[in-house]
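# Coordinate inspection notes
Listed here are the chains, written in short residue letters.
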Amino acid sequence: MRIVIKVLLVAIIFAFAGAKAEDKISILFCGGTSIPSGPETFTDGWNPGYSIGGGLIMHMGETSSLITRINYSSFPVDSDKLKSEYFDIYGESLTIEGGSINSLEFFIESRMNPRGYESKKLWPYLSGGFGVTYLTFSKMTLTSETETGEITGDDPVIKPMISFGFGLGFSFSNKVKGYIDSHYTILQTNVNGTYHLPIQAGISFKLGKDEE
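Here goes a summary of the coordinates provided. This structure is a prediction, so every number in the text was calculated from the model and none was measured. (Residues numbered from 1 in each chain as written. Predicted model: local features only at pLDDT ≥ 70, side-chain atom pairs only at ≥ 80, totals over all residues. Heavy atoms only, no water.)

### A look at a nonpolar patch on the surface
To be explicit about the condition: A patch consists of residues whose relative accessible area exceeds 30% and which take part in no salt bridge; residues with like charges are grouped when within 9 Å of each other, and nonpolar side chains (Val, Leu, Ile, Met, Phe, Trp, Tyr) when within 5 Å. Areas reported here follow the Shrake-Rupley algorithm with a probe of radius 1.4 Å; residue values treat only the protein chains shown as occluding. Whenever Lys or Arg places a side-chain nitrogen within 4 Å of a carboxyl oxygen from Asp or Glu, that contact is recorded as a salt bridge. Going along the chain from the N terminus, every DSSP run of H or I of four or more residues is numbered as a helix, and every run of E of two or more is numbered as a strand. Burial status follows relative accessibility: with a 1.4 Å probe on protein chains alone, a residue under 20% of its type maximum counts as buried, one over 50% as exposed, and anything between as partly exposed.
Residues Met112, Leu126 and Phe166 make up a contiguous nonpolar surface patch of about 350 Å² in total accessible area. Note that Phe166 resides in strand β9 (residues 157–171). Judged by its relative accessible area of 56%, Phe166 falls in the exposed class.

### As for the pairing of strand β2 (residues 49–59)
Convention followed: Two strands form a pair only when DSSP identifies at least two bridges running between them.
Two strands pair when backbone bridges link them, and strand β1 (residues 25–38) and β2 are joined in this way by 10 bridges, in the antiparallel orientation. Looking at the pairing, Ser26 lines up with Ile57 of β2. Pairing geometry for β2 and strand β3 (residues 64–75), over 9 bridges, is antiparallel. Residue pairing in the sheet places Leu56 in a bridge with Thr68 of β3. Hairpin geometry of β2 and β3 is characterised by an intervening segment of 4 residues between the two adjacent antiparallel strands.

### Here's the deal with the environment of Phe42
Along the chain, Phe42 falls in helix α2 (residues 40–45). Phe42 sits 153 residues away from Tyr195 along the chain, and the two C-alpha atoms are 8.6 Å apart.

### Examining the sheet that holds strand β4 (residues 95–97)
Just so we agree on the cut-off: Axis angles are defined between N-to-C directions and span 0 to 180 degrees, where every axis is a line fitted to C-alpha atoms and, for a helix, only to the segment in contact.
Spatially, the 3 strands line up as an open sheet ordered β4-β7-β8, and their pairing is antiparallel. Edge positions in the open sheet fall to β4 and β8 (148–151), since each of these has one partner strand only. Ignoring strand direction, the axes of neighbouring strands in this sheet form an average angle of 15°. Direction of pairing for β4 relative to strand β7 (residues 140–143): antiparallel, over a ladder of 3 bridges. Directly across from Thr95, in β7, lies its bridge partner Thr143.

### Let's talk about the sheet that holds β1
Strand order in the closed barrel formed by 8 strands is β1-β2-β3-β5-β6-β9-β10-β11, with antiparallel pairing between adjacent strands. Strand-to-strand, the axes of this sheet are offset by a mean angle of 25°, without reference to chain direction. Here 14 bridges tie strand β6 (residues 122–137) to β9, and the two strands are oriented antiparallel to one another. Looking at the pairing, Trp123 lines up with Gly169 of β9.

### Overview of the side chain of Arg69
Defined as follows: Whenever two N or O atoms come within 3.5 Å, that pair is a polar contact, provided that in protein one can donate a hydrogen and the other can accept it, and provided that, for residues adjacent in sequence, both atoms are side-chain atoms. Any pair of residues with heavy atoms lying within 4.5 Å of one another is described as a contacting pair.
Looking at the element boundaries, Arg69 is found in strand β3. Here the side chain of Arg69 touches Glu109 through a polar contact of 3.3 Å, side chain to side chain. A distance of 3.1 Å separates polar atoms of two side chains, one belonging to Arg69 and the other to Gln200. When neighbours within four sequence positions are excluded, Arg69 is seen to be in contact with Leu28, Cys30, Gly54, Gly55, Glu105, Phe106, Phe107, Glu109, Arg111, Asp181, His183 and Gln200.

Laid out in structure tokens, this is it:
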């Protein structure tokens, strides 16, 4: 884990150094939804949730860009399924609060774009990256007219992650770009991993000077 974090920090430092020399940095904001994709306990027990994030885009050349990203996804528990499972204990009056799984991710993402993409109105791109995630489980409270129970789950953990995906970029102006993308994310939580699929729309604002 320490090696992953060190490599991540070194990559960020070098990316900033290269981008600052060219004065080509954009700030990115994005949001959308994320879908549980595996394992079965995750896909069956939790619903799609919101996914928000942002980052800095370093435009490294005619075809590539490097992004330092932070992303937060929260997955609400499937309360209808839980109510059916605990019906014999709590009855019809059962209410469920909390129980979400939350993933706060810090990662470096590389994008491969068509040549001269910054001057195009619309372009596709491929992406891939790696980093770390901070996983938490919010306490779940089950309450009925006669019973009250709590499920605390595991302690927060930090785990490696990788992601890969594709998207579409489009231009509003020389400095303002929009994005729609999806990146399949693998969290190394156990032998088989935990997977989710963020689908987001984003907008970026270039901080540097326009090319003449």
